[in-house]
Amino acid sequence: KLAHRFPGLEVLAGEEGRLAVATHPRATTAVGALVGALGLPATYAAVQAGKELLLANKETLVVAGSLIMAEARRSGSQIIPVDSEHNGLFQALRVGPPGTARRLILTASGGPFRTTPLAQLAHVTPEQALAHPTWRMGAKISVDSATMMNKGLEIIEARWLFDVAPEQIDVLIHPQSIVHALVEFADGMVLAHASRPDMRGPIQFALTGPRRRPGLVAPLDWH
């Protein structure tokens, strides 16, 4: 139906379609936003083709971080993270010369069960797990955030994205989700990335950075 309404439109589907879109010869940028390990083949193909990759699929680096990053170095592909925490690290790290970051700190809201007594966790419901206190996300990532599994995946993602040892990555519980990431440099200075918990900010920077365009996210009120 689409091809009939739009002459010349090519309709693709399945793994073959994903690979074709990821490596389209007229595209300079690919967005990796598939869920889970499903995104690995197309993400790898985009990196192999030297595309700029806006990555919102952390599982790709969790399962094949060494492979993806090695190929990015070979092809010259730049990987820009879309996750709010990693996007914050990406921006903060631009301030210091490469190799001068001593510690990367990801923040975590703690999820909906942060203050729930341990004895009550066996009785929580899926609906409660999906009710994230600060972010509105899909079901899988909301449940992963409720169990804190998502933060474990983010540590692995940061390890590969920024080429640091696991012991250089810390997690700080921050329920308000205003500070998304912090970078501690070799001179002891700490740079924090802060904004309202709104994914439109990281997405905009991934698409338009390093330029600073007027944004859709309201500024913070520091009073």
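Residues numbered from 1 in each chain as written. Predicted model: local features only at pLDDT ≥ 70, side-chain atom pairs only at ≥ 80, totals over all residues. Heavy atoms only, no water.

S.K.: How should I be thinking about the overall build of the protein in this particular structure?
M.R.: Assigned secondary structure in the protein consists of 9 helices and 7 strands. Rg of the C-alpha trace for the protein: 19 Å, near the compact-globule value of 17 Å for 223 residues, within the 12% margin. Its C-alpha atoms put the protein at 55 × 45 × 35 Å along the principal axes. Pairs at least 24 residues apart make up 59% of the contacts formed inside the protein by residues separated by at least 6 positions. Total accessible area computed for the protein in this model is approximately 12,800 Å², and 60% of it derives from carbon and sulfur atoms. (Helix = DSSP H or I, 4+ residues; strand = E, 2+ residues; numbered from the N terminus. Rg over C-alpha atoms; globule rule 2.2 N^0.38 Å. Contact = heavy atoms within 4.5 Å. Areas by Shrake-Rupley, 256 points an atom, 1.4 Å probe, with all protein chains shown as cover.)

S.K.: I keep staring at the pattern of salt bridges and nothing clicks. Help me out?
M.R.: Working definition: two side chains of opposite charge can pair if their charged atoms are close together. For the coordinates displayed, the defined rule picks out 11 salt bridges. Among the salt bridges present, the one from Lys58 reaches Asp83, with a minimum N-O distance of 3.2 Å. With a gap of 25 residues between them, Lys58 in helix H4 (residues 58-75) and Asp83 in the loop between strand S3 (79-81) and helix H5 (84-93) connect regions that are remote in the sequence. Residue Lys58 shares its accessibility class with Asp83, and that shared class is buried. One salt bridge in this structure joins Lys140 and Glu59, with 3.2 Å as the shortest N-O distance. Of the two residues, Lys140 is situated in helix H7 (residues 139-146) and Glu59 in helix H4; the sequence distance between them amounts to 81 residues. By relative accessible area, Glu59 is classed as buried at 16%. Each of Arg102, Arg103, Asp170 and Glu184 takes part in salt bridges that share partners, so that together they form one network. (Salt bridge = Lys/Arg side-chain N within 4 Å of Asp/Glu carboxyl O. Buried < 20%, exposed > 50% of the residue type's maximum accessible area, 1.4 Å probe, protein only.)

S.K.: I would appreciate a short explanation of helix H9 (residues 200-208) in the present structure.
M.R.: Count 3.6 residues to each turn of an α-helix, and residues three or four apart come out pointing the same way. Of all the positions in H9, only Pro202, Phe205, Ala206 and Thr208 are classed as buried. Here the buried face of H9 lies against strand S2 (52-55), S3 and H5.

S.K.: Just checking my understanding: could you explain the environment of Ile203 for this structure?
M.R.: Of note, Ile203 is situated in helix H9. Along the sequence, Ile203 and Val82 sit 121 residues apart, while their C-alpha atoms lie 5.8 Å from each other.

S.K.: Can you walk me through the environment of Asp144 in this structure?
M.R.: Among the structural elements, Asp144 can be located in helix H7. Note: C-alpha distance between Asp144 and Ala129 (15 residues apart in sequence) is 8.9 Å. Setting aside its immediate chain neighbours within four residues, Asp144 contacts Met149, Asn150 and Leu153.

S.K.: What should I look at first to understand unusual backbone geometry in this one?
M.R.: Keep in mind that most residues, glycine aside, have a negative phi and that most peptide bonds are trans. Backbone torsion omega between Gly209 and Pro210 reads 5°, so that peptide bond is classified as cis. By the secondary structure assignment, Pro210 is in the segment after H9. Of note, Met148 is a non-glycine position whose phi angle comes to about 70°, a positive value.

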